[in-house]
Amino acid sequence: MVVVGAGLGGLLVASEVARRGGRPLVLEAGPVPGGVAATVRDEDYLLEPAAGSFLLPHAHLTPILESVGASVVPAEAVAQRRFVYDRGELFELAGPAALATRLVSRRGKLHLLREPWVGSPATITDESLRSFLQRRLGPEAGRMGATLMAHGVFAGDPDQLSARAAFPAIVALEDAAGSLVRGALARRRARSKDVPRARAHTALNGMDGLAAELAASLGDGFRPDWPVDSVQRDGNEWIVSGRGEERTPAVIVALAPTEAARIMPGPFSPLLNEAHAAPVAVVGLGGPEADMPVPSGFGALTGPDAGLRILGLLFESSYAPRRAPVGHRLLKGIYGGDADPAVLALTDDDLVALAIEEAGRILGVPFQPSWTRVIRHAPGIPQYHVGHSAWLDRLDQVAAEFPGLHLAGWGYRGMGVTSLAQHAAALAERVLAAP
Ligand SMILES: Cc1cc2nc3c(=O)[nH]c(=O)nc-3n(C[C@H](O)[C@H](O)[C@H](O)COP(=O)(O)OP(=O)(O)OC[C@H]3O[C@@H](n4cnc5c(N)ncnc54)[C@H](O)[C@@H]3O)c2cc1C
């Protein structure tokens, strides 16, 4: 089988196929694997422009990482400390203690406590993240939760993101138990005591290092500098054309939907071009400890009334090893997305100045970075808007006419690395089971 694209999505599918005994060939347009997760290394800073951490153990990601001997390490224990900045204040959220913060008013908390008794709709609907969480948690906590989740994962707009498509595990709690609280309790009871609680992990040698490990495990099954121009059917086979021609019974195209549209058979293109992604900018701020007083913790998200344009500020050097030189610190800010597309009109210098000012306001201390970097992603982060699940169904209908041809990557069924691994397992099973 052939996988087109060696981002983390394509590499995880290929590694899972190989782990199950298959022989995948990965064709990548660029000179190195990793796609958007192209780690920046400069003056001993290590800045992750995309995926920077992921939760392990995970039923599907852990076996893949173990099979290639990947260098992943647990994040520092301080990663459990997470903050929210809103209305000029920084609130620490630590599990149930979050209920004690003033992030949500007393009235809002009372509404939260009623969640187990809130009824569910008779029919399953595709509603926005904000509508879903406000229905379950009340207007105040729902608005807060929806903003934080939308900012933190998609840089998205909580009024446009689909709760079901963007956060399926959370909506599944309501589906299973009629309540998020009761569903979460049931899930916790069902969890095997032998499986440790999932914790944040990082790639010790950067995400591009992890991508290189996954690619290396494929041996000559990874071919860089091999842009694919088209994927066409020929009888029971597929012809993958680009720098040469490969014939294969199965192809997995692991590209962003609008990029996939350029090489897939005609009937896919209009549908794939309907996909929406939102550009984002990642701003790295580094410097000596004295000038960069980064606190201990994972980071801070901004709430709906923060009055800032930054969506999230990650305390990189605090929770992840090797992200800054000895005696130095690194912060990472995220801007843009559907949450605030206009901010991306700023120049790099202006974005850096804004990030320095806003980090100072969030943490209440001045920052004077000596090392800065701006990385812009376009087309950017896929946005699973209301209607995304119906779009996936329509794609499946078209795909049914093209046996052996599949789509993978963050544009479809989950935006994080663990979701990519879960989808990889499902795809590997289908491809290897095909006659
Ligand atoms: C700011 C940001 C923060 C993030 N944080 C996290 C996080 O903390 N945790 C987490 O789990 N995830 C995170 N993610 C998401 C994660 O980085 C992505 O899910 C993942 O990197 C996407 O991989 P992919 O393979 O689907 O796509 P891509 O990385 O886009 O890979 C596609 C690949 O296909 C290649 N290609 C394109 N066209 C062709 C062609 N015609 N022929 C051959 N090859 C081609 C490209 O060169 C590229 O290598 C974050 C993303 C962003 C942007």
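Quick caveat, the model's predicted, so the values are computed rather than measured.

(A) Highlighting the overall build of the protein chain. Scanning the protein chain from N- to C-terminus turns up 15 helices and 20 strands. For 435 residues, the compact-globule formula gives about 22 Å, and the C-alpha radius of gyration of the protein chain, at 22 Å, lands near that figure. Dimensions along the principal axes, computed over C-alpha positions, put the protein chain at roughly 65 × 55 × 45 Å. The buried share among the 435 residues of the protein chain stands at 46%.

(B) Structural view of the environment of Ile 263. Its place among the elements puts Ile 263 in the loop between α10 (257–260) and α11 (269–272). On the basis of neighbour counts, which here come to 22 C-beta atoms within 10 Å, the residue Ile 263 falls in the buried class. The spatial distance from the C-alpha of Ile 263 to the C-alpha of Val 253 is 9.0 Å, given a sequence separation of 10 residues. For Ile 263, the residues in contact, after removing those within four places along its chain, are Val 228, Asp 229, Ser 230, Val 231 and Val 253.

(C) Highlighting the site of the ligand. Residues in contact with the ligand amount to 37 residues; listed here are only the nearest, Gly 5, Gly 7, Gly 9, Gly 35 and Gly 409. Put simply, the parts of the chain that give the shell around the ligand at least two residues each are α1 (8–19), β15 (277–288), β19 (371–382) and α15 (417–433). The element contributing the most residues to the shell around the ligand is α1, with three residues.

(D) Focus on the domain arrangement of the protein chain. By the assigned domains, the protein chain splits into domain 1 (2–36 + 205–275 + 385–433) and domain 2 (105–190). Put simply, the middle of domain 1 and the middle of domain 2, counted by C-alpha atoms, are 32 Å apart. Considered class by class, the residues forming the side of domain 1 that touches domain 2 number three nonpolar, four polar and no charged.

(E) Inspection of the environment of Gln 422 at higher detail. Looking at where Gln 422 falls in the secondary structure, it is placed in helix α15. A count of 18 C-beta atoms within 10 Å places Gln 422 in the partly exposed class. Distance from Gln 422 to His 60, taken between C-alpha atoms, is 5.4 Å for residues 362 residues apart in sequence. Ignoring any residue separated from it by four or fewer positions in sequence, one finds Gln 422 in contact with His 60 and Gly 414.

(F) Inspection of the sheet that holds strand β17 (residues 312–314) at higher detail. Here seven strands make up an open sheet; going across it, the order is β8-β7-β16-β17-β18-β15-β19 and the pairing mixed. At either end of the open sheet lies a strand with only one pairing partner, and these are β8 (89–93) and β19. Between one strand axis and the next, the sheet turns through 20° on average, direction left out of account. As paired strands, strand β7 (residues 82–86) and β8 are joined by five bridges and run antiparallel to one another. Bridging from a neighbouring strand, Val 84 pairs with Phe 91 of β8. Taken strand by strand, helix α5 (residues 139–154) contacts β7, β16 (299–302), β17 and β19, and its axis lies near 120° from that of β16.

(G) Layout of the sheet that holds strand β20 (residues 405–407). In spatial order, the strands read β10-β2-β1-β14-β20; together these five strands make up an open sheet with parallel pairing. Of all strands in the sheet, those with a lone pairing partner are β10 (222–223) and β20, marking the two edges. Across three bridges, strand β1 (residues 2–4) lies against strand β14 (residues 251–253) in parallel orientation. The residue of β14 that forms the bridge with Val 3 is Ile 252. Running at roughly 165° to β1, α1 makes contact with β1, β2 (25–27) and β14 of the sheet.

(H) Quick look at helix α2 (residues 61–68). Along α2, the residues that are buried comprise Leu 61, Ile 64 and Leu 65. The buried residues of α2 all sit within an arc of 95° when viewed along its axis, so they share a single face. In the core, the buried residues of α2 are packed alongside α1, β5 (54–56), β6 (72–74) and α15.

(I) Examining the pairing of strand β13 (residues 245–248) more closely. Where strand β12 (residues 237–241) and β13 come together, four bridges link them in antiparallel fashion. For Trp 238, the partnering residue across the bridge sits in β13 and is Thr 248.

(J) How the structure looks around the packing of α1 against α15. Interhelical geometry of α1 versus α15 gives an angle of 45° and a closest axis separation of 8 Å. As judged from the angle between their axes, α1 and α15 are oblique. Crossing handedness for the pair α1 and α15: right-handed. Side by side, α1 and α15 meet where Leu 8, Gly 9, Leu 12, Val 13, Glu 16 and Val 17 of the first sit next to Val 417, Leu 420, Ala 421, Ala 424, Ala 425, Leu 427, Ala 428, Val 431 and Leu 432 of the second.

(K) Spotlight on the packing of helix α4 (residues 129–137) against α5. The interhelical angle for the contact between α4 and α5, taken along N-to-C directions, is 145°, at an axis separation of 7 Å. The interaxial crossing formed by α4 with α5 has right-handed handedness. When α4 is examined against α5, the residues Leu 129, Arg 130, Leu 133, Gln 134, Arg 136 and Leu 137 are found in contact with a partner set consisting of Pro 139, Ala 141, Gly 142, Arg 143, Gly 145, Ala 146, Met 149 and Ala 150. Of the residues assigned to the contact of α4 with α5, the class counts are eight nonpolar, three polar and three charged.

(L) Representation of the nonpolar core in the model. Counting residues in hydrophobic clusters, the biggest one holds 122 residues, and the most contacted among them are Val 4, Val 13, Leu 129, Val 251 and Val 253. Split by domain, the residues of this core number at least three in each of domain 1 (2–36 + 205–275 + 385–433) and domain 2 (105–190). Leaving out residues up to four positions away in the same chain, Val 253 has contacts with Val 4, Gly 5, Val 231, Ala 260, Ile 263, Met 264 and Leu 407.

(M) Spatial organisation of unusual backbone geometry. Note that the residue after Leu 56, namely Pro 57, is joined by a cis bond; omega there is 0°. Between Ala 378 and the following residue, Pro 379, the backbone shows a cis peptide bond with an omega angle of 10°. As for its position among the elements, Pro 379 is in strand β19. Phi is positive for Asp 225, close to 50°, though the residue is something other than glycine. Mapping Asp 225 onto the fold places it in the loop between β10 and β11 (230–234). The phi torsion at Arg 322 lies on the positive side, around 65°, for a residue other than glycine. Tracing the backbone shows Arg 322 in the loop between α12 (316–319) and β18 (328–336).

Cut-offs used in this document
- Residues numbered from 1 in each chain as written.
- Predicted model: local features only at pLDDT ≥ 70, side-chain atom pairs only at ≥ 80, totals over all residues.
- Helix = DSSP H or I, 4+ residues; strand = E, 2+ residues; numbered from the N terminus.
- Rg over C-alpha atoms; globule rule 2.2 N^0.38 Å.
- Buried ≥ 20, exposed ≤ 12 C-beta atoms within 10 Å, placed from the backbone.
- Contact = placed C-beta atoms within 7 Å.
- Near = placed C-beta within 6 Å.
- Domains from an automatic or database assignment.
- Nonpolar A, V, L, I, M, F, W, Y, C, P; charged D, E, K, R; others polar.
- Pairing = 2+ DSSP bridges.
- Axes fitted to C-alpha atoms, helices over the stretch in contact; angles between N-to-C directions.
- Arc of directions from axis to C-beta.
- Parallel < 35°, antiparallel > 145°, perpendicular 65-115°, else oblique.
- Left-handed = near helix turned anticlockwise from the far one by under 90°.
- Core = buried A, V, L, I, M, F, W, Y, C linked by C-beta atoms within 7 Å.

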